Amino acid sequence: MSGPWLNGDGASPSGALQGLRVLELGGRIAGPWCTKLLADYGADVIKIEHPHGGDPARAWGPYRDDVPSIECGGLFLHCNTNKRSLCIDHSTRHGQQLVSTLAESADLVVEAGRPGALSRHEVAYDDLRERNAKLVWIAISNFGQDGPYRDWDASELTLYAMGGAMQTTGLPDREPLKLAHTVLQFHAGAVAATFAMGALFAAEAAGTGQLVDVSLLEVFTSSPDRASLNLVCEAYTGSVTFNRSAAPGWSILPTGVYPCADGYVHFNAPLISWWPRFAEVVGKPELKTDPHFIDNLNDLRLKPEVDAMLLEWTMQRTKKEVQAHSQERGFAASAVNTMEDLFNDPHIVERGFFVEVDHPEAGTLRYPGAPFRMSATPWRAGRAPLLGEHTAEILEPLGLDLAAVARMREQGVV
Amino acid sequence: MNRPPDTTGLPLSGIRVLDLTIVWAGPFASQLLADMGAEVIRVESLQRPDVNTRSQPRMPQAMLDEGPWGSNYPDRKAGDRPWERSSAINLHSRNKLSITLDWERPRGMEIFKRLFAKSDVLLDNNAAATLEKLGITYEALSPLNPGIVWVSLPAYGMSGPYKYHKGYGANVEAIVGHTWLRGYTDSDPTTTYPVYHADAAAASSAAFAALAALWWRRRSGRGQHIDLSQAENMVHHLSQAVMDYSLNGRSQSTLGNGHPWMAPHDIFPNQGVDRWVAIAVANDAEFARLCAAIDRGDLVDDERFATIMGRRANASALREEIAGWTRQRSPIEAMNVLQHAGVRAGALHTTREVLDDPQLTARGFFETVDIPDVGSYPFCGPAVKMQGTPLHIRRHAPKVGQDNDYLYREVLGVSDAEYDELVAEEHIGDTYAELLHQPQTVKS
């Protein structure tokens, strides 16, 4: 459900992608994240949901007071703003016809599911391209549309493991660790949106659409967060630059998380030339010329000594104080925020990032705002649709009157 | 003339991108555009080596002989031109072009502006102050090219109290809460290692933003400026924690390798040292398949494990039961057995095993690139397969100034005489000025 337009300069009444017609099939995270980016910037996204529970992510929470509700899951509410929900069982003959008819006038289909599953119902790309040559079809799957693992199941955890990055995150003497929640599936959704735009440019130029095959494993493996770089290092030398046995940082300057009076702070010192800044941060300018340190900035044996000086200083200050004092001296220190800290962070608050959105069942909640702000065209703060909320509204222009919709409802099609 | 490879027929052919990006997030954003055929031009200078993106111009060999840093150079050798050998530049700058100019001198700035006037997109992830000091801002330059799509993706955005803060990927992770939300459940954040998901997140969003703005320009004729705060962008990726706070006022802490509701959802030890397999079970049917696959049908009947809630409450006992089976197998063997039984399982591959993975190999994911004076190595190919317009690594990352000839003469129409002057003034060249002026340390 579309909401008010924010940002932009007022010259354009709606978003950059106005006029783009998108169908989303399959739900979950990466596909809906891809289509949310499109919808929030102006595309008309029809979310096709199965009558039995709709998008699986509706069942994934988090819920208010942990009470499940298919309309009020936080992940679903967040990932599906500004979309319209059409409830169709595409395994029925009528349902197939409806999807085909909608695809005839769509620019883009974003589908997430098992490769081949839609072919059984004749609503796969090969069935629909005949009716719409310019159609762009984004197929998101765990492992891609072919290959020996094509039909395997997966999760964020198992894909992060297989992509090779997990073996390198965590402490050397402990088990490897994943990243929080499903961050890589969000990245995959944004990658899919980027390549969808590319395919739309290509369709405009050539007059023909195409299938774009997004493998989550391949997106995870080529992620700039260490996975892809380690692969180059391995090919170069048979060893990797990021691993659990490597010391954090490559000099005696602080890199990593340090405790302070009320929590934790992350320090980052990418260059040894930052040593004078460190001296200023801890209030010991004499260190700038102390040969004990400046002649040995890469000698990690001195690191405990440097860390001790830093800790003595941080433990007397709050994370906000440490951050402000360090940043004023050009040192990249940042508070380790909790969710509560994030919602109250002065920078995030001053930029007005979070937006309040009303929803008929979930009520008024704060949602993350525009992931990027466009100076000319706006971003909209809308809400997620109720399951099947727009079924009649979408089917009526197709020549189906309310009586026909009612009959289809009785037959379980919509 | 040494022209870059033809991009005719590729999705973004004909779109020229001025790439002012550095370090990590920005170069990966422009990589996505370059892989789709955009003419992405790295703007470099001979006077200020890009040490964060390419390499220190002189790497002490002793730093590379041992330890993790050395693996960034082929055979741990920096060579005479380490900035052309380092891992990052060759990974993210394939399919890009390089021009050299010194915009801190008026003539270099004039050339930059001429190139700017002929470009469609500008990407920049510098600290906000860096380009402001040089007068390179959207406000100042867009009158020269009102159609420009200018994407700024600094750590925190183009306004607000942190606008001028120093922020690398790991700093952004801290501000948005990712550092707090990951890590061991029995420890505190000091045991979290830096990760750089914020860079990946900013890269994909920035590339999308550029294309969305170009899409609108095709319809309106107007360019615009995009303000992408890497921090704000990444907040979205933490949806489950953000929305839990929004719904319940609950500040989540780390789940380790756990999951809000799947159980078991963990890694299990395998045969060998530090070898693991990940297993994720979403429901009772999957749990029954897991138990059958490891020949422990008795676990299904064990009332401690009959429900998700039970499996969560008795996670460590269940873990030992499953580990009894995994310990006798390699990660890949365990993965294969479990996957064939319909269980979500993934080997914790070593980096070597990823390069050899049957699925990635079957799909031709890795592409071997022959880089002159560096060697022939496999790199991750384009992140996505476009069946109608196949994407590949068309050319290795550019040497510094590799495309000067094409860009100055053909794109900017610089005369031979002017070209020679620009060479003499060290705008145009292929070796950093500080090395040219220390000839005793440079082997030609």
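Remember, predicted model here, so these are calculated numbers, not experimental data.

Moving on, we come to the overall build of chain A. Summing up its helical and strand segments, chain A has 16 helices and 14 strands in all. Projected onto its principal axes, the C-alpha positions of chain A cover 85 × 45 × 45 Å. Within the span of chain A, comprising 414 residues, buried residues form 58% of the whole.

Moving on, we come to the overall build of chain B. When you go through chain B residue by residue, the secondary structure sums to 21 helices and twelve strands. Taking the contacts inside chain B whose residues are at least 6 apart along the sequence as the reference set, 69% of them involve residues at least 24 apart.

The next thing to look at is the interface of chain B and chain A. Contact residues are listed per partner, giving 130 residues for chain B and 129 residues for chain A. Counting residues per element, the side of chain B that touches chain A draws most heavily on helix α9 (residues 197-220) of chain B, which supplies 16 residues. Within the side of chain B that touches chain A, the residues separate by chemical class into 70 nonpolar, 47 polar and 13 charged. Sheet analysis places strand β13 (residues 373-374) of chain A next to strand β6 (residues 224-227) of chain B, joined by two bridges and oriented antiparallel. Its bridge partner being in β6 of chain B, M374 of chain A is matched across the sheet by I226 of chain B.

A separate point is the sheet that holds strand β5 (residues 108-112) of chain A. Spatially, β4(A)-β3(A)-β2(A)-β5(A)-β6(A)-β7(A)-β12(B) is the arrangement adopted by the seven strands of the open sheet, whose pairing is mixed. One side of each edge strand has no neighbouring strand; the edge strands of this open sheet are β4 (83-87) of chain A together with β12 (385-386) of chain B. Examined bridge by bridge, strand β2 (residues 21-25) of chain A and strand β3 (residues 44-49) of chain A share five bridges and lie parallel to one another. The residue bridging V22 of chain A from the neighbouring strand is V45 of chain A, located in β3 of chain A.

What follows concerns unusual backbone geometry. Cis peptide bonds are those with omega within 30 degrees of zero, and the linkage from G61 of chain A to P62 of chain A qualifies with -10°. Tracing the backbone shows P62 of chain A in the loop between β3 and α2 (74-79). The peptide bond linking A263 of chain B to P264 of chain B adopts the cis configuration, its omega dihedral lying at -5°. Locating P264 of chain B in the fold gives a position in the loop between α11 (239-248) and β7 (265-269). With phi around 55°, D75 of chain B is a residue other than glycine that occupies positive phi space. Tracing the backbone through its elements, the reader meets D75 of chain B in the loop between α2 (61-65) and α3 (87-92). Given 13 C-beta atoms within a 10 Å radius, D75 of chain B is considered partly exposed. One non-glycine residue with positive phi stands out, namely D295 of chain B, at about 60°. Residue position: D295 of chain B is located in the loop between α12 (284-293) and α13 (298-301).

Turning to helix α15 (residues 315-326) of chain B, a few remarks are in order. Residue and element names in this part refer to chain B. Between its first and last C-alpha, α15 extends 16 Å over twelve residues, near the 16 Å set by a 1.5 Å rise per residue. Within the span of α15, buried status applies to L318, I322 and T326. The arc that holds the buried residues of α15, viewed along the axis, is 80°, so those residues lie on one side. Opposite the packed face of α15, turned more than 90 degrees from it, sit the exposed residues S316, A317, E320 and G324. Considering only its buried residues, α15 is in contact with β7, β8 (276-280), α14 (308-313) and α16 (331-340).

Let us now look at the packing of helix α1 (residues 25-35) of chain B against α9 of chain B. All names here are of chain B. Following both chains from N to C, one finds α1 and α9 inclined at 45°, their axes separated by 8 Å at the closest point. One finds that α1 runs oblique with respect to α9. Classified by chirality, the crossing of α9 by α1 is right-handed. Counted together, A25, F28, A29, L32 and L33 of α1 and D199, A200, A202, A203, S204, A206, A207 and A210 of α9 form the full contact between these two elements. Considering only residue class, the contact of α1 with α9 consists of eleven nonpolar, one polar and one charged.

A general trend in soluble globular proteins is that nonpolar side chains are found buried together. I138, A192, A196 and V212 of chain A together with A210 of chain B are the most contacted members of the largest nonpolar core, which has 260 residues in total. Non-local contacts of V212 of chain A, meaning those with residues more than four positions away in its chain, are made with V136, W137, I138, A139, F195, A196 and A199 of chain A together with V384 and M386 of chain B.

Reading across from one edge, β13(A)-β6(B)-β5(B)-β4(B)-β1(B)-β2(B)-β3(B) is the order of the seven strands in this open sheet, with mixed pairing throughout. Single-partner strands in this sheet number two, and they are β13 of chain A together with β3 (97-100) of chain B. Bridge count between strand β2 (residues 39-44) of chain B and β3 of chain B: four bridges; the pairing is parallel. Considered in β3 of chain B, the bridge of I41 of chain B is made with L97 of chain B.

With that settled, the discussion passes to the environment of I99 of chain B. Residues and elements named next belong to chain B. The residue I99 is located in strand β3 in this model. In this structure the C-alpha to C-alpha distance between I99 and V384, which are 285 residues apart in sequence, comes to 28 Å. Apart from the residues lying within four places of it in its own chain, the contact partners of I99 are I41, V43, E44, G401, D403, N404 and L407.

The side chains of a regular strand alternate between both faces of the sheet. Residue and element names in this part refer to chain A. Here strand β10 (residues 332-335) shows two buried faces, one formed by A332 and S334 and the other by A333 and A335. As judged from the four bridges shared by strand β9 (residues 263-268) and β10, these two strands associate in the antiparallel manner. Paired with F267 across the two strands is A333, which belongs to β10.

All names here are of chain B. Burial along strand β9 (residues 344-347) is two-sided: the face carrying R344 and G346 and the face carrying A345 and A347 are both buried. Pairing between β8 and β9: four bridges, direction antiparallel. For A280, the partnering residue across the bridge sits in β9 and is R344.

Averaged over every residue, the pLDDT of chain B is 95; residues scoring 70 or more account for 99%. ipTM for the predicted complex: 0.97, alongside a pTM of 0.97.

All names here are of chain B. Looking at α16, one finds that the buried residues are P331, A334, M335, L338 and Q339. Around the axis of α16, the buried residues are gathered within 120° of arc, so they sit on the same side. On its buried face, α16 is in contact with β8, α12, α15 and β9.

So, how was this worked out
Residues numbered from 1 in each chain as written. Chains lettered and ligands numbered in written order. Predicted model: local features only at pLDDT ≥ 70, side-chain atom pairs only at ≥ 80, totals over all residues. Helix = DSSP H or I, 4+ residues; strand = E, 2+ residues; numbered from the N terminus. Buried ≥ 20, exposed ≤ 12 C-beta atoms within 10 Å, placed from the backbone. Contact = placed C-beta atoms within 7 Å. Nonpolar A, V, L, I, M, F, W, Y, C, P; charged D, E, K, R; others polar. Pairing = 2+ DSSP bridges. Expected span 1.5 Å × (residues − 1). Arc of directions from axis to C-beta. Axes fitted to C-alpha atoms, helices over the stretch in contact; angles between N-to-C directions. Parallel < 35°, antiparallel > 145°, perpendicular 65-115°, else oblique. Left-handed = near helix turned anticlockwise from the far one by under 90°. Core = buried A, V, L, I, M, F, W, Y, C linked by C-beta atoms within 7 Å. pLDDT = per-residue confidence, 0-100.

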